[in-house]
Amino acid sequence: MPPRIYITRQLPDPVFKRLDEVGYDYEVYPEDQVIPREVLLREVEGRDGILCILTDTIDAEVFEHASQAKIFANYAVGYNNIDVPEATKRGIAITNTPGVLTETTADLAWALILSTARRVVEADNYLRTGEWSGWGPM
């Protein structure tokens, strides 16, 4: 019998293609929004694994409902939404997706530096309010 997995949010198609390739039995919360707590607690019951995201609070109450689960795979860089000591106490593995935002964070830092140095926000506001009348050397 394949592992039974619950996924708490709609994810990109390659995730589901891979799960289909390996033959996992999975269900997905059908709405593209944060899963309501009562639905989360109900749906994790009887699952071997949970693929959650950073907006899901995974605590002792969730672990209690997910008593069969061996793993919570967090679709996020961090895992501050998961009570790791509680998971450890229960022998539940916790994973995350480290490193996926490294380049994006660096890009954003440079964008903020350039925006500040070139006063992009100020210039945009100046243009949108109609104060700019054209370029001149002075």
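Above this note sits the structure.
The following refers to the structure shown. (Residues numbered from 1 in each chain as written. Predicted model: local features only at pLDDT ≥ 70, side-chain atom pairs only at ≥ 80, totals over all residues. Heavy atoms only, no water.)

## As for unusual backbone geometry
Comment: phi is negative for the bulk of residues other than glycine, and the bulk of peptide bonds are trans. Within the chain, R119 stands out as a residue other than glycine whose phi angle is a positive 55°. Its location among the elements puts R119 in the loop between α5 (102-117) and α6 (120-128). (Helix = DSSP H or I, 4+ residues; strand = E, 2+ residues; numbered from the N terminus.)

## Some points on the side chain of E86
Here E86 lies in helix α4 (residues 84-90). Leave out the neighbours within four places in its chain, and E86 touches A60 and F63. (Contact = heavy atoms within 4.5 Å.)

## A closer look at the pattern of salt bridges
Enumeration according to the criterion identifies 13 salt bridges in this entry. In this structure, R128 engages D124 in a salt bridge whose closest nitrogen and oxygen atoms are separated by 2.8 Å. In this pair, R128 and D124 are both assigned in helix α6, 4 residues apart and thus about one turn of the helix distant. (Salt bridge = Lys/Arg side-chain N within 4 Å of Asp/Glu carboxyl O.)

## A look at the sheet that holds strand β5 (residues 93-95)
Taken in spatial order, the 5 strands line up as β2-β1-β3-β4-β5 in an open sheet, and their pairing is parallel. Each having just a single partner strand, β2 (25-28) and β5 make up the two edges of the open sheet. On average, each strand axis in the sheet is inclined to that of its neighbour by 15°, with strand direction left out of account. Strand direction decides the pairing type here: strand β4 (residues 71-75) and β5, joined by 3 bridges, are parallel. Across the sheet, A73 pairs through a bridge with T95, a residue of β5. Sitting on the sheet, helix α1 (residues 13-22) touches β1 (4-7), β2, β3 (49-53) and β4, and the angle it makes with β2 is about 155°. (Pairing = 2+ DSSP bridges. Axes fitted to C-alpha atoms, helices over the stretch in contact; angles between N-to-C directions.)

## Digging into the side chain of T8
With respect to the element layout, T8 can be found in the loop between β1 and α1. With relative accessibility at 0%, the residue T8 sits in the buried group. Polar contacts involving the side chain of T8 include one to the side chain of D56, which spans 2.4 Å. Excluding its chain neighbours within four sequence positions, the residues that come into contact with T8 are Y29, I35, L40, I50, L51, C52, I53 and D56. (Buried < 20%, exposed > 50% of the residue type's maximum accessible area, 1.4 Å probe, protein only. Polar contact = N/O pair within 3.5 Å; in protein donor to acceptor, adjacent residues only side chain to side chain.)

## Overview of the nonpolar core
With 18 residues, the main nonpolar core has I58, V62, F63 and F72 as its most contacted residues. Of all the secondary structure elements, the ones that give two or more residues to this core are α2 (37-43), β3 and α3 (60-65). Per-element accounting of this core gives the leading share, 3 residues, to α2. Every residue in contact with V62, bar those within four places of it in the chain, is listed here: R37, L40, L41, V44, T57 and F72. Within the second largest apolar cluster, 8 residues are counted, among which are I7, L11, V15 and L51. (Core = buried A, V, L, I, M, F, W, Y, C linked by side-chain atoms within 4.5 Å.)

## Let's talk about α5
In a regular helix each residue adds 1.5 Å, so 16 residues correspond to 22 Å; α5 covers 23 Å between its end C-alpha atoms and thus fits that length. The positive-phi residue at the C-terminal boundary of α5 is R119, with phi of around 55°. (Expected span 1.5 Å × (residues − 1).)

## What to know about the environment of D13
One can find D13 in helix α1. Separated by 13 residues in sequence, D13 and Y26 place their C-alpha atoms 14 Å apart.

## Here we look at the pairing of β3
Where burial is concerned, most of β3 is hidden: 5 out of the 5 residues are buried. Looking at chain direction, β1 and β3 are connected through 3 bridges and run parallel. In the sheet register, I7 faces β3, and the bridge partner there is L51. Of the pairings in the sheet, the one linking β3 to β4 comprises 5 bridges and is parallel in character. Looking at the pairing, G49 lines up with I71 of β4. Regarding the hand of the β-α-β motif, the stretch spanning β3, α3 and β4 is right-handed. (Right-handed = clockwise from strand over helix to strand, strands pointing away.)

Shape descriptors only; they carry no functional weight alone.
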